Structures are given as structure tokens and as C-alpha cells.
Amino acid sequence: ANSMASRMSSLIDPETSRAGEGVIEKIDDHTVRLWDVLTETPKATLRAHSDWVLAIAWSPCGRFLVSGGKDGMVKLWTMELGPISEFDIRNCQPCLYPRVRSVDVSPDGKVLLLGSQGGEVFEMDIVDGKSVHAQGPLVQSHFRGQLRGLACHPTEPEFATLGDDCTLRVWSLV
């Protein structure tokens, strides 16, 4: 009853690696778990954030994972869930409600895109964790409710957002 197939049906935002080596799961108890899809067993589990993990994404190269939490932190992890670095969304000002609702990595792997609970989208430098835009968020969208999803286009300089307002929006990065 606890097989990978049955667990997959209950996952929130499962992400699969490019190599097909595993599935990553965020759990309501602040935990991230990496599953081996061949053996249907957990490969690694860790308490990733001090509050709920709200967002996870693999890097385009498939070499690291990004998690975002209700605690306002964005964390980078190795494929084995070892820590690489962490940044605070509060470094991206102004931020109306500094909880990380969604994350993705730009196709070139140099920038993190962060969706906040307040509906803003920030570009954060992956090396130093500073906002790429001194004037504030890249966009302010989905102000009726929360921003629920964010995804970079794999080859084009654009990304999409989805919010509680039931609207899918496509944005340019240039």
C-alpha cells in the first residue's frame, strides 16, 4: 500500500530529474524526500526548512535541486540532498509577503526565479543570492490570491506563472 505508485498519486508538485534517476517530494512537515523510482524506496530524506516546503525544482542540468519554503528561504541541494547554499527572499525588496511559493532555475543555470506568496516574481543571482533587479520584483502579478506556479521556458527567455486567479500568464525575461 506504500508503493511508489500509490505515493505518487498523493504527491504535491512532483519533479523528476532529467536523468530519470528519482522523484523528489515535498512533505508538509518541512521535509524533502528523494525517491528511487526503480526500487520504490527513499534514497534520502531531510528536514529542509524551518517551516513548510512550498516549492521544489530540479536545475535544467539535473545536477542540483532548489527548494523554497514558508520560512522565506531558498536552498540549493546536491542530488544526494546535501546542502550547497541558501538565500533569503527578503534580500529581494520590496517583497509584500516573503514566503517562497514557487521556484525555477533559468535555462542557463545562472538565475533563480522565485514566486512569492504576495504574487511577485524575483530574479535572484544563483551565486550571491541578490536580486538581479535593484528596483524590486521582475513582475507583480496574480494579486487576487497567491502565485501557485512558475516555470521557465527551456530554450526561450520567458517564463509562465499561474495564480489563484485561474490565469496562466507568460512573461518575457528580456
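Residues numbered from 1 in each chain as written. Predicted model: local features only at pLDDT ≥ 70, side-chain atom pairs only at ≥ 80, totals over all residues. Heavy atoms only, no water.

## Remarks on the side chain of S106
Right, on to step 1. Checked against the element boundaries, S106 lands in the loop between β9 (100-105) and β10 (111-116).
Right, on to step 2. With a relative accessible area of 7%, S106 lands in the buried category.
Right, on to step 3. Side-chain polar atoms of S106 contact the backbone nitrogen of K110, separated by 3.4 Å. (Helix = DSSP H or I, 4+ residues; strand = E, 2+ residues; numbered from the N terminus. Buried < 20%, exposed > 50% of the residue type's maximum accessible area, 1.4 Å probe, protein only. Polar contact = N/O pair within 3.5 Å; in protein donor to acceptor, adjacent residues only side chain to side chain.)

## Details of the pairing of strand β8 (residues 83-88)
Consecutive side chains along a regular strand alternate between the two faces of the sheet.
Right, on to step 1. Here strand β7 (residues 73-78) runs beside β8; their pairing, made up of 5 bridges, is antiparallel. Bridging from a neighbouring strand, M73 pairs with D88 of β8.
Right, on to step 2. Linking β7 to β8, which pair antiparallel, is a turn of 4 residues; within it L81 sits at a positive phi near 70°. (Pairing = 2+ DSSP bridges.)

## Overview of the confidence of the model for the protein
Right, on to step 1. Averaged over all residues, the pLDDT of the protein equals 79, while 84% of them reach at least 70.
Right, on to step 2. When mean pLDDT is taken per element in the protein, β7 scores highest with 92 and helix α1 (residues 4-8) scores lowest with 38.
Right, on to step 3. Confidence over residues 1-20 falls short of pLDDT 50; this stretch has 37 contacts with residues more than four positions distant or in other chains. (pLDDT = per-residue confidence, 0-100. Contact = heavy atoms within 4.5 Å.)

## Points about the environment of V66
Right, on to step 1. Tracing the backbone through its elements, the reader meets V66 in strand β6 (residues 64-69).
Right, on to step 2. Each C-alpha atom of the pair V66 and E86 lies 9.3 Å from the other, and the pair is 20 residues apart in sequence.

## Considering the pattern of salt bridges
Right, on to step 1. Applying the stated criterion across every chain, the model contains 4 salt bridges.
Right, on to step 2. A salt bridge links R148 to D164; the nearest nitrogen and oxygen atoms lie 2.8 Å apart. Within this pair, whereas R148 is found in strand β13 (residues 147-152), its partner D164 is found in the loop between β14 (158-163) and β15 (168-172), the two being separated by 16 residues in sequence.
Right, on to step 3. Look at D164 and you get partly exposed, because its relative accessible area is 34%.
Right, on to step 4. Of the charged contacts in the structure, one is a salt bridge between R169 and D165, with a shortest N-O distance of 3.4 Å.
Right, on to step 5. By relative accessible area, R169 is classed as partly exposed at 27%. (Salt bridge = Lys/Arg side-chain N within 4 Å of Asp/Glu carboxyl O.)

## Side note on the sheet that holds β13
Right, on to step 1. Read across the open sheet, the 3 strands follow the order β13-β14-β15; overall the sheet is antiparallel. Strands at the two margins of the open sheet, each flanked by one partner only, are β13 and β15. Strand-to-strand twist of the sheet, defined as the mean angle between neighbouring strand axes without regard to direction, takes the value 20°.
Right, on to step 2. As judged from the 5 bridges shared by β13 and β14, these two strands associate in the antiparallel manner. Across the sheet, L150 pairs through a bridge with T161, a residue of β14. (Axes fitted to C-alpha atoms, helices over the stretch in contact; angles between N-to-C directions.)

## Here's the deal with the side chain of S102
Right, on to step 1. Relative to the helices and strands, S102 resides in strand β9.
Right, on to step 2. In this structure S102 comes out as buried when scored by relative accessible area, which is 4%.
Right, on to step 3. Beyond its immediate sequence surroundings of up to four residues, S102 is in contact with A55, L113, L114, G115, L147, R148, G149 and L150.

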